[in-house]
Structure formats: C-alpha cells, structure tokens
Amino acid sequence: MRGYVEVAGRRVWHEVSGVGDPVVLLHGGFVGASSYSRQVPALVEAGYRVHVPERRGHAHTPDVEGPITYSAMADDTVAYLEQEVGTPAHLVGWSDGAVVALLVAQRRPDLVARMVLIGQYYNSSGKVAGGDIVALLGTSEVIAFLRQGYDSVSPDGPEHFAVVHAKMLRMFGSEPEIQLHTLHGITSPTLVVQGDRDEVSVEHSLAVVSALSHARLAVLPGDHTLPIARPDLVNPLIVSFLGVDDPQPPPDWNVPTY
C-alpha cells in the first residue's frame, strides 16, 4: 500500500508492506521511501510489517510553513506512529532519520521497541575531519543530483526545491547538537551502524554506544551509502538484531567513553 494519509492536519506519503511486527524506516535528507528499496523486501521476508513514511518537504510529502528542524520532524514522526502504527515499533533510521529516531525514543519511549541507527553523528564533535556537508550540498553537481529525485514527485512542484534546499542547509549548519549524556535514559536496545569511511567518526559512535543504556556498535566496510551500496551486509545485520530474543550486551560488556 502506498499513498497519502492525513496526520495531525498534514498530508504524509507513506508506503506499507508485509504483515507482522511493525518496523518503521526513517530516510535521510533530501530522499524518500525509495532510498530503502533494498531493505523493504528483506524485512518483509523476515516477517515484519514495514512502514516507510516520507517527512515534510521530502519526496511526495509537501513542505509546510516554517523551518525544517530535527525536532519538528521528530514530532511529525510521533504523530505518525500514534496514528498509523499504534503499537511500539522498531525504528531504523539512516542519516537524518537516525537523529529523528533518537529524538522520538527520548520523547516517547513507549512508541519504540528497538532501534537501528545508521551513519549519523549527533553533535558536531562527531563529524569526520574535513567533512563539510553544507558546502558539499551546495555544489551545482549535488544540487542537480538531488533535484532528480525531487522535481518529478514533489506535490509542491520543481520550483519549490530551492526553498527546501535552503531550509535543509540551514538545519545542517546548526543541527544536530544533542548532548550525549542525555541519551542514557533511552532504554530501547539499539544497534549503531556506520561505514569505516562514513560521515561520522568511529570514536563518536563508540561514545554514543557508551551513552545509551543498551547499545552495540557495528562498523562495516563502506561509506555513507551503506544501505544502498551494501544491502548484503546491512540487511542481515538489521534482521538479526531485531529478531534476537535479547539484543542487549552481556553484563560485563563495556565501551570506553570518549
């Protein structure tokens, strides 16, 4: 099933496949449900009902007045989970979607079962040395690439891309800035995943795992495009983590804090 639903007075595009416990896939910036095309079949085959909502100003979901922020997108996601899922769900967030998942788990732990967080830093200390996402996303080549996925599906029309682009770059320039010590209250078992050549440093991911109450880290060979480029590695890892009886680390397991 794919199409629009009205959530908290807004039109939201989502795609739903399969039958079973719910898994909600939260996409990255400037992309939509299609970015998870290589994960959905594997999760459906594993016996899950897979939801892929598209957030405000992304792909088929229209933009709304005001800035795009991680906080606003987390609130949107909470409303979606309450209305369309209605039971605790596993959240899989990639890039921006990982920040949204983490904020949802902080605000509404009752809506979150387990989480998989892929390829994301949660404050500026986690950026790899020399990384400048704002500069990269402002280049003509990248803008042309992003427009390929926006212009043909956005209900706001191709002319609105410049508005969304400016909003997103403004957000990336100042967010996320989550203090890791605030993560300890999140009790959902969590798997933190990144590529060995990702946009986030391994040291930061280790610190995130240490800050969370029940978390593990997986570093895979690859870059920020792991779910697209290496589904052969990512999919079995997600399915295994979500399906084990006790994904929490053993009592004597520990990670140094950076």
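Everything that follows concerns the structure shown earlier in this document.
What this report covers is the structure whose coordinates are included nearby.

Parameters at a glance
Residues numbered from 1 in each chain as written. Predicted model: local features only at pLDDT ≥ 70, side-chain atom pairs only at ≥ 80, totals over all residues. Heavy atoms only, no water. Core = buried A, V, L, I, M, F, W, Y, C linked by side-chain atoms within 4.5 Å. Buried < 20%, exposed > 50% of the residue type's maximum accessible area, 1.4 Å probe, protein only. Contact = heavy atoms within 4.5 Å. Helix = DSSP H or I, 4+ residues; strand = E, 2+ residues; numbered from the N terminus. 1 Å grid on protein atoms, 1.4 Å probe; cavity = no way out; pocket = protein on both sides within 12 Å on 5 of 7 lines; lining within 4 Å. Points joined across faces, edges and corners; volume = space filled by probe spheres on them. Nonpolar A, V, L, I, M, F, W, Y, C, P; charged D, E, K, R; others polar. Pairing = 2+ DSSP bridges. Axes fitted to C-alpha atoms, helices over the stretch in contact; angles between N-to-C directions. Polar contact = N/O pair within 3.5 Å; in protein donor to acceptor, adjacent residues only side chain to side chain.

## A closer look at the nonpolar core
Grouped together as the largest cluster of nonpolar side chains are 52 residues, with contacts concentrated most on L102, M115, Y122 and L183. Apart from the residues lying within four places of it in its own chain, the contact partners of L102 are M115, L117, Y122, I178, L183, I186 and L212. Listed in part, the 22 residues of the second largest apolar core include L25, L43, V193 and F241.

## Some remarks on unusual backbone geometry
Of note, the amide linkage connecting E175 to P176 takes the cis form, showing an omega dihedral of -5°. Position of P176 among the secondary structure elements: in the loop between α6 (161-174) and β7 (190-195). Backbone geometry at F30 places phi at a positive 70°, although glycine is not the residue there. Along the chain, F30 falls in the loop between β3 (21-26) and α1 (40-45). With a relative accessible area of 12%, F30 lands in the buried category.

## Comments concerning the layout of surface pockets
There is about 1100 Å³ of room inside the largest pocket. Lining of the largest pocket is provided by 42 residues; of these, G29, F30, V31, F145 and L146 occupy positions nearest its centre. Elements with a minimum of two residues in the lining of the largest pocket: α4 (133-137) and α5 (140-150). Ranked by residues supplied to the lining of the largest pocket, first place goes to α5 with six residues. Of the residues contributing to the lining of the largest pocket, the split by class is 19 nonpolar, 15 polar and eight charged. Of the pockets and cavities examined, the second largest pocket occupies roughly 160 Å³. Taken together, 13 residues line the second largest pocket, and the ones lying closest to its centre are R2, E15, S17, A33 and V40. Taken together, the elements giving at least two residues each to the lining of the second largest pocket come down to β2 (10-17), α1 and β4 (48-53).

## As for the side chain of H58
Locating H58 in the fold gives a position in the loop between β4 and α2 (70-85). For H58, a relative accessible area of 1% corresponds to the buried category. Every residue in contact with H58, bar those within four places of it in the chain, is listed here: H27, G28, G29, F30, V31, M73 and M168.

## What to know about the sheet that holds strand β6 (residues 112-118)
Across the sheet, which stays open at both edges, the eight strands sit in the order β1-β2-β4-β3-β5-β6-β7-β8 with mixed pairing between neighbours. Looking at the sheet topology across the chains shown, the edges are occupied by β1 (2-7) and β8 (215-220). Adjacent strand axes in the sheet meet at a mean angle of 25° when their direction is disregarded. Note: β1 against β2, six bridges, orientation antiparallel. Within the sheet, the bridge partner assigned to V5 lies in β2 and is V12. Where helix α9 (residues 231-243) meets the sheet, its contacts fall on β3, β4, β5 (89-94), β6, β7 and β8, and the angle it forms with β6 comes to roughly 155°.

## Remarks on the side chain of S205
Position of S205 among the secondary structure elements: in helix α7 (residues 202-211). On the basis of relative accessible area, S205 is assigned to the buried category, the value being 1%. Within the structure, S205 has its side chain in polar contact with the side chain of Q194 (distance 2.6 Å). Contact partners of S205, with chain neighbours within four places excluded, come to V192, Q194, V200 and L217.

## Side note on empty space enclosed by the protein
Within the structure shown, the criterion is met by two cavities of 30 Å³ or more. Considering only enclosed or pocket space, the largest cavity measures out at about 70 Å³ in volume. R10, V12, P53, E54, R55, R56, D76, T77 and Y80 together form the lining of the largest cavity. Broken down by secondary-structure element, the contributors of at least two residues to the lining of the largest cavity are β2 and α2. Per-element accounting of the lining of the largest cavity gives the leading share, three residues, to α2. Grouping the constituent residues of the lining of the largest cavity by class yields three nonpolar, one polar and five charged. In this structure, the second largest cavity encloses a volume near 40 Å³.

By themselves, these are just geometric observations and shouldn't be taken as functional.
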